[in-house]
Amino acid sequence: MDKRIRVGAVSYLNTKPLLYGVKKNAALLEQIALIEDYPASIANMLLNDEIDVGLIPVAVIPKMKASYIITDYCIGAENDVASVCLFSEKPIEEITHVMLDYQSRTSVNLAKVLLKHYWKKEVIFVDGGVDFRAQIKGTTAGVVIGDRALEQRKISPFIYDLAGNWIKMTGLPFVFAAWIANKPLNENFITEFNRANALGIEHLNDVLAKINYSTYNLHTYYSQNISYELTDEKRKGLELFLSLLKTV
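Residue positions within a chain follow its written sequence, with the count starting from 1. Only residues with pLDDT of at least 70 are given local features in this predicted model, and only at 80 or more are side-chain atom pairs given and counted; all residues enter the totals for whole chains, interfaces and linings. Each side-chain value is worked out from all heavy atoms of the structure, with water and hydrogens disregarded.

Taken N-terminus to C-terminus, the directions of helix H4 (residues 105-117) and helix H6 (residues 162-170) make an angle of 45 degrees; their axes are 10 Å apart at the nearest point. Overall, the two elements H4 and H6 adopt an arrangement that is oblique. Considering the relative orientation of H4 and H6, their crossing is left-handed. Along its contact with H4, which presents Ser-107, Leu-110, Ala-111, Val-113, Leu-114 and His-117, the element H6 presents Leu-162, Ala-163, Asn-165, Trp-166 and Met-169. Following the grouping adopted for this structure description, the nonpolar residues are Ala, Val, Leu, Ile, Met, Phe, Trp, Tyr, Cys and Pro, the charged ones are Asp, Glu, Lys and Arg, and the polar ones are all others, Gly among them. Grouping the amino acids of the contact of H4 with H6 by side-chain chemistry returns eight nonpolar, three polar and no charged. Angles shown run from 0 to 180 degrees and are taken between the N-to-C directions of axes, each axis being a line fitted to C-alpha atoms and, for helices, limited to the stretch in contact. Note on conventions: DSSP H or I runs of at least 4 residues are helices, E runs of at least 2 residues are strands, and numbering of each starts at the N terminus. If an angle is under 35 degrees, it is roughly parallel; if it is over 145, roughly antiparallel; if it lies from 65 to 115, roughly perpendicular; otherwise it is oblique. With the far helix as reference, a near helix turned anticlockwise by less than a right angle produces a left-handed crossing, and one turned clockwise produces a right-handed crossing. Throughout, a residue-residue contact means that at least one pair of heavy atoms, one from each residue, lies within 4.5 Å.

Throughout, nonpolar core names a set of buried Ala, Val, Leu, Ile, Met, Phe, Trp, Tyr and Cys residues whose side chains join them through atoms within 4.5 Å. Relative accessibility thresholds used throughout: buried, under 20% of the residue-type maximum; exposed, over 50%; partly exposed, between the two (1.4 Å probe, protein chains only). With 86 residues, the main nonpolar core has Leu-86, Trp-179, Phe-189, Tyr-222 and Phe-241 as its most contacted residues. Ranked by residue count, the leading element in this core is strand E10 (residues 174-181), at eight residues. Those residues in contact with Phe-241, other than ones at most four positions away along the chain, are Val-58, Ala-59, Thr-106, Asn-109, Leu-110, Val-113, Trp-166 and Phe-174. The next biggest cluster of nonpolar side chains, apart from the first, holds seven residues, and it includes Phe-87, Met-99, Ile-136 and Ala-149.

Being paired, for any two strands, means DSSP has found at least two bridges between them. With respect to topology, five strands assemble into an open sheet ordered E7-E6-E8-E5-E9, the strand pairing being mixed. Here the strands that pair on one side only, and so sit at the sheet edges, are strand E7 (124-127) and strand E9 (158-161). Averaged over all pairs of adjacent strands, the angle between their axes in this sheet comes to 25 degrees, without regard to strand direction. Pairing of strand E5 (residues 84-88) with E9 involves four bridges; the strand directions are antiparallel. When the bridges of E9 are listed, Cys-85 appears paired with Asp-161. Lying over the sheet, H6 contacts E5, strand E8 (140-145) and E9, oriented at roughly 55 degrees with respect to E9.

Listed below in structure tokens is the structure:
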């Protein structure tokens, strides 16, 4: 029987600093079975107990029977995050429909929270398919996340950064995803896994050296847009977001 800890991670650019140390730690790699996919898929695996811990959208937490945040690191933002935005051809006042990115529950729910409580705008939500970005036109906007959002920044004239607008509304930073387990895990593993997460954050230049990407400045992305430390303020923002989730 395979006794390795099943770890699910998101296969986006923003996770590379967190996974850098994990993938360089031979002893840790012997303890885990690492699976990479998009956020909603990793979340479903955790809900179905197909993995033991995952870097998952925090909006999934209320659906879990038990949840344990196991590291001091997350995918968070204390400023504009750049890769989670509402994109449109028209200003927010003229938007009538919003396409929702199927890849992340947190991002689409954050958009719903902001539309209701910050922009106070009623729209019709439409689930987006794999190629829904082509439908972002006229009064139809779209929530796009991850690497595709960095590409969309070069296309859409109106860009509403969801983290930036959350911060304007609440005064608190935002947490998009965290390392969450569905069961208690060995403390020694947690300590080593946490230390591995820290390695990439401490050596961003080494992480950047392994990536060839020209669509967006990744040094800016990793050092200014994404905020990886799971601080007390981020935890407060997370608690507020989970409470507002109940209203949308």
